[in-house]
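Each chain, letter by letter, is given below.
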Amino acid sequence: MEEPTRLVEEATINNMDGQQNEEERDPESNSLHQPLLKRNRTLSSSPFALVGAKVSHIESLDYEINENDLFKHDWRRRSRVQVLQYVFLKWTLAFLVGLLTGVTATLINLAIENMAGYKLRAVVNYIEDRRYLMGFAYFAGANFVLTLIAALLCVCFAPTAAGPGIPEIKAYLNGVDTPNMYGATTLFVKIIGSIAAVSASLDLGKEGPLVHIGACFASLLGQGGPDNYRLRWRWLRYFNNDRDRRDLITCGSSSGVCAAFRSPVGGVLFALEEVATWWRSALLWRTFFSTAVVVVILRAFIEYCKSGNCGLFGRGGLIMFDVSGVSVSYHVVDIIPVVVIGIIGGLLGSLYNHVLHKILRLYNLINEKGKLHKVLLALSVSLFTSICMYGLPFLAKCKPCDPSLPGSCPGTGGTGNFKQFNCPDGYYNDLATLLLTTNDDAVRNIFSINTPGEFQVMSLIIYFVLYCILGLITFGIAVPSGLFLPIILMGSAYGRLLAIAMGSYTKIDPGLYAVLGAASLMAGSMRMTVSLCVIFLELTNNLLLLPITMLVLLIAKSVGDCFNLSIYEIILELKGLPFLDANPEPWMRNITAGELADVKPPVVTLCGVEKVGRIVEALKNTTYNGFPVVDEGVVPPVGLPVGATELHGLVLRTHLLLVLKKKWFLHERRRTEEWEVREKFTWIDLAERGGKIEDVLVTKDEMEMYVDLHPLTNTTPYTVVESLSVAKAMVLFRQVGLRHMLIVPKYQAAGVSPVVGILTRQDLRAHNILSVFPHLEKSKSGKKGN
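Residues numbered from 1 in each chain as written. Predicted model: local features only at pLDDT ≥ 70, side-chain atom pairs only at ≥ 80, totals over all residues. Heavy atoms only, no water.

1. Topic: the UniProt feature "transmembrane region" (unreviewed entry) in the protein
What counts here: UniProt positions are given in the numbering used here, feature names are shortened, and annotations may be inferred rather than shown by experiment. Strands are runs of DSSP state E lasting at least 2 residues, helices are runs of H or I lasting at least 4, and numbering of each runs from the N terminus.
The UniProt record annotates "transmembrane region" (unreviewed entry) at residues 88-112, 133-161, 283-302, 335-355, 375-396, 460-490, 511-537 and 543-560. The straight-line gap between the two end C-alpha atoms of residues 335-355 is 30 Å; of that span, 100% is helix and 0% is strand. Across residues 543-560 one finds 83% helix and 0% strand; the C-alpha atoms that close the span lie 26 Å apart.

2. Focus on the state of the cysteines
What counts here: When the sulfur atoms of two cysteines come within 2.5 Å, that pair is taken as a disulfide. The classification of residues rests on relative accessible area computed with a 1.4 Å probe and restricted to protein chains. Under 20% of the type maximum is buried, over 50% is exposed, and intermediate values are partly exposed.
Using the criterion set out here, one finds two disulfides in the structure. Here Cys-305 connects covalently by a disulfide to Cys-310, the sulfurs 2.0 Å from one another. Sign of the S-S torsion, about -70° for the bond between Cys-305 and Cys-310, identifies this disulfide as left-handed. Taken individually, Cys-305 and Cys-310 each receive the classification buried, so the pair is uniform in this respect. Residue pairing for Cys-398: its cysteine sulfur links by disulfide to Cys-423, the two sulfurs lying 2.0 Å apart. Judged by the sign of its S-S torsion, about -90°, the bond between Cys-398 and Cys-423 is left-handed. A residue pair is termed long-range when its members are at least 10 positions apart, and Cys-398 in strand 5 (residues 398-400) and Cys-423 in the loop between strand 5 and strand 6 (427-429) qualify at 25 residues. Under the relative-accessibility criterion, Cys-398 is labelled partly exposed at 30%.

3. A closer look at the pattern of salt bridges
For the record, the criterion: Every case where a carboxyl oxygen of Asp or Glu lies within 4 Å of a side-chain nitrogen of Lys or Arg is listed as a salt bridge.
Evaluated as defined, the whole model comprises 17 salt bridges. In this structure, Glu-168 engages Lys-575 in a salt bridge whose closest nitrogen and oxygen atoms are separated by 3.2 Å. Of the two residues, Glu-168 sits in helix 5 (residues 166-174) while Lys-575 sits in helix 20 (residues 567-575), which places them 407 residues apart along the sequence. Arg-444 is the partner of Asp-441 in a salt bridge, and the nearest nitrogen-oxygen pair spans 2.9 Å. In this pair, Asp-441 and Arg-444 are both assigned in helix 14 (residues 439-446), three residues apart and thus about one turn of the helix distant. The network of salt bridges with shared partners includes Arg-246, Asp-247, Arg-280 and Arg-286.

4. With respect to helix 16 (residues 484-502)
Which entries qualify depends on this criterion: Here the expected length of a helix is defined as 1.5 Å per residue gap, with one fewer gap than residues.
With 19 residues, helix 16 should cover 27 Å at 1.5 Å per step; its first-to-last C-alpha distance of 27 Å lies within 8% of that length. Most of helix 16 is tucked away, with 16 of its 19 residues classed as buried. Of the residues trailing helix 16, Gly-503 is marked for its positive phi of about 60°.

5. Description of empty space enclosed by the protein
Heads up, the condition is: In the cavity and pocket records, a cavity denotes points on a 1 Å grid over the protein atoms alone where a 1.4 Å probe fits but cannot get out, a pocket denotes an open set with protein on both sides within 12 Å along at least 5 of 7 lines, and lining residues are residues with an atom within 4 Å of a point. Grid points are joined across faces, edges and corners, and a volume is the space filled by probe spheres set on the points. Residue polarity is assigned by list, with Asp, Glu, Lys and Arg as charged and Ala, Val, Leu, Ile, Met, Phe, Trp, Tyr, Cys and Pro as nonpolar; anything else, Gly included, falls into the polar class. Domain borders in the structure are assigned automatically or taken from a domain database.
Within the structure shown, the criterion is met by five cavities of 30 Å³ or more. Surrounding the largest cavity, Ile-112, Ala-116, Leu-120, Val-198, Ser-201, Met-389, Thr-437, Thr-438, Asn-439 and Tyr-467 form its lining. Among the elements that take part in the lining of the largest cavity, helix 3 (residues 80-128) stands out by supplying three residues, more than any other. Grouping the constituent residues of the lining of the largest cavity by class yields six nonpolar, four polar and no charged. Looking at which domains feed residues into the lining of the largest cavity, each of domain 1 (82-312) and domain 2 (330-573) supplies at least three.

6. So, a nonpolar patch on the surface
So the rule is basically this: Residues with no salt bridge and a relative accessible area higher than 30% make up the patches, which join like charges within 9 Å and nonpolar side chains (Val, Leu, Ile, Met, Phe, Trp, Tyr) within 5 Å. Calculation of accessible area relied on Shrake-Rupley with a 1.4 Å probe; when residues are assessed, cover is drawn exclusively from the protein chains displayed.
A contiguous nonpolar patch, built from Phe-384, Val-457, Met-458, Ile-461, Val-465, Ile-469 and Ile-500 and spanning about 560 Å² of accessible area, is present on the exposed surface. It is helix 15 (residues 457-474) that provides the largest number of residues to the nonpolar patch, a total of five residues.

7. A closer look at the side chain of Arg-761
Here is the rule: Nitrogen and oxygen atoms within 3.5 Å of one another constitute a polar contact, given that in protein one can donate a hydrogen and the other can accept it, and given that sequence-neighbouring residues count only through two side-chain atoms. In what follows, a contact means two residues having at least one pair of non-hydrogen atoms within 4.5 Å.
Considering the arrangement of structural elements, one finds Arg-761 in the loop between strand 14 (757-759) and helix 28 (766-772). When its relative accessible area of 4% is taken as the criterion, Arg-761 is described as buried. Here Asn-174 takes part through its backbone oxygen, which lies 2.6 Å from a polar atom of the side chain of Arg-761. The residues touching Arg-761, leaving out its near neighbours within four places in the chain, are Ser-60, Asn-174, Gly-175, Val-176, Pro-578, Phe-579, Leu-580 and Phe-733.

8. Quick notes on the confidence of the model for the protein
To keep things clear, this is the line we draw: pLDDT gives the predictor's per-residue confidence on a scale running from 0 to 100.
Looking at the protein as a whole, its pLDDT mean stands at 84, while 87% of the residues score no less than 70. Confidence over residues 781-786 falls short of pLDDT 50; this stretch has twelve contacts with residues more than four positions distant or in other chains.

9. Some thoughts on the pairing of strand 13 (residues 741-744)
In plain terms, the rule: Each pair of strands is called paired provided DSSP finds at least two bridges between the two strands. If the strands point away from the viewer and the path from the first strand over the helix to the second runs clockwise, then the crossover is right-handed.
On strand 13, burial covers both faces: Met-741 and Ile-743 on one face and Leu-742 and Val-744 on the other are all buried. Here strand 12 (residues 719-721) pairs with strand 13 via three bridges, running parallel. Bridge assignment links Val-720 to a residue of strand 13, and that residue is Ile-743. Each parallel crossover has a hand, and for strand 12 linked through helix 27 (residues 726-736) to strand 13 it is right-handed. Here strand 13 pairs with strand 14 via three bridges, running antiparallel. The residue bridging Met-741 from the neighbouring strand is Leu-759, located in strand 14.

Here it is, written out as structure tokens:
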């Protein structure tokens, strides 16, 4: 989690609420004037969430196309050449995202393998010389320094770089704007911090950070670089909007997964299944293209490094468990152990999520005390990890080498399955083989085929318990960290234990049991199925594993869903990010959008030609992001020629601020001509975001002037009738990617306002609705479906 250690707890929210008001209010639904009588019920919502090191104000993203007059004019004027430029640039940016992610992933793997490999070689040399204390001092000292570097970078320079970043990417693609998540500083700290943290032998992986790194590259490319040094190329103006940035970040996240596992199809499916809320066929092609570029880059570097030009990177560095040449056979009786693996994976995964939830709340109390405590917590975990990983192998018995097995035994400290570690010649220490090695080599060792007696039962039990403890206490400290690898190692350990327990009952190789155990625990914790299945198939390079892998994943996910949410959903909930789930609660069908509008403060509307003073007042006294624009006395095209009230559309706060900054005022109340608007504004101007009303100076005379809002108004906002159920409203809101949903009356009549209210993301969250309508809690008919 990004600085996943700090959670948004009720006490934090209550304190912030006390500073605002007695009751929480939706940031986009405050009334312009406070009523004399306070409402008994108000739809409460919290616009705050934990991002990085502090609780931040959260806003939604404008994925909806703002079809105002300027946008329509710009779109009509685009020539065929400009359209081709736009399409070409989309594919070019997708290529650059894959290229940069692939190169960065290779450099990260290269650095980790060499830093961790040479560190472990020095430790092995000390042990061979019987200098045990010196070996421990070197091992613990190196880990301590590397952890200190990663923690200081995250705490002091980029708190948002801590953790995997996947929950925040998931929230962003759902429509939540998480501040400072994709900046250049965050990217730099994420790269250096993940190298240092993984090299420090902490129980974490680089897979989650790689997803965040890919998303950072995508965001920076789309906006032309960091905020202070942005390229203002004319071509990049097409991407100065939330929709195209969302597509690029989707490509970046899939490229990150591909770079972590060398799994192009798995990376695309991960983005589709786990992080992306909105999808279309054109995006599928571009994400696949990005992952294909990543694979080409990784393959080129691996071929180059095989000649020994990359230090210790030659045989290690990227997880690859190739069993394409291994005969995999199983029968009907093997279904029973496969089902058992799935059930155990679901139970352990849900238990892991539950315990991790409690530990993260504890870490929040520690981290609230300041930066020093965050660094000390990370260093304490590093010291404990070093003690366990160095000391526990002394408890394992030495095993004689099997002369029939390929490879040198014992090894020399490099890659390989057999570490001598305080054993005589011809013997090896199986626990040291798993602990005193890089994470990627540990995966290869425990997944190794045709080694049924390589690991002792006691060694596997110690390894499993240790990694359960380390996985729980490591995830949450202030360093870049990923969940994939710790869960893979835990699952593979109990998979091998189950293989030993089954004995001669089954013919499945213990190495394949380890693969199935890792897959089941990942499905039980992360609740992924399709993408995880493809990732493991691309890792193993053997389609014969497909049926049993599918069965294990489906069982593990089903069992885990019976107890709690996935680990990423738990983190989203703890951080307070307003994520909208795909499945509405069953009781949401018992309440309508009009009922939600009734318990919200009255909506603030603006006229088509509005007074400057009224606009300034609305911006200062509310935190709305959008205002309905209503025209009165309009002659309808059909029917009686009497004045009617028209809902012209919705105007955004940023556009109103732009009008005030550019002083586009009229002396009389009138509609402007098209040339007057284009003379003052461009479509690029309307794409810029930011600004505050406090930064705008308006004189007393200007307050009496007018603004024609018609050219800047989105004339095609999404509207729903007030009788629509909240369940259908939530599904529409999420699938279309809205920030505002206007509610219109069911009955049209003279004197009836054309807009009843506005629904925002916070209004559709289940706990906010239940705080106003507690009786709906009793109508719950079980948990929502999956």
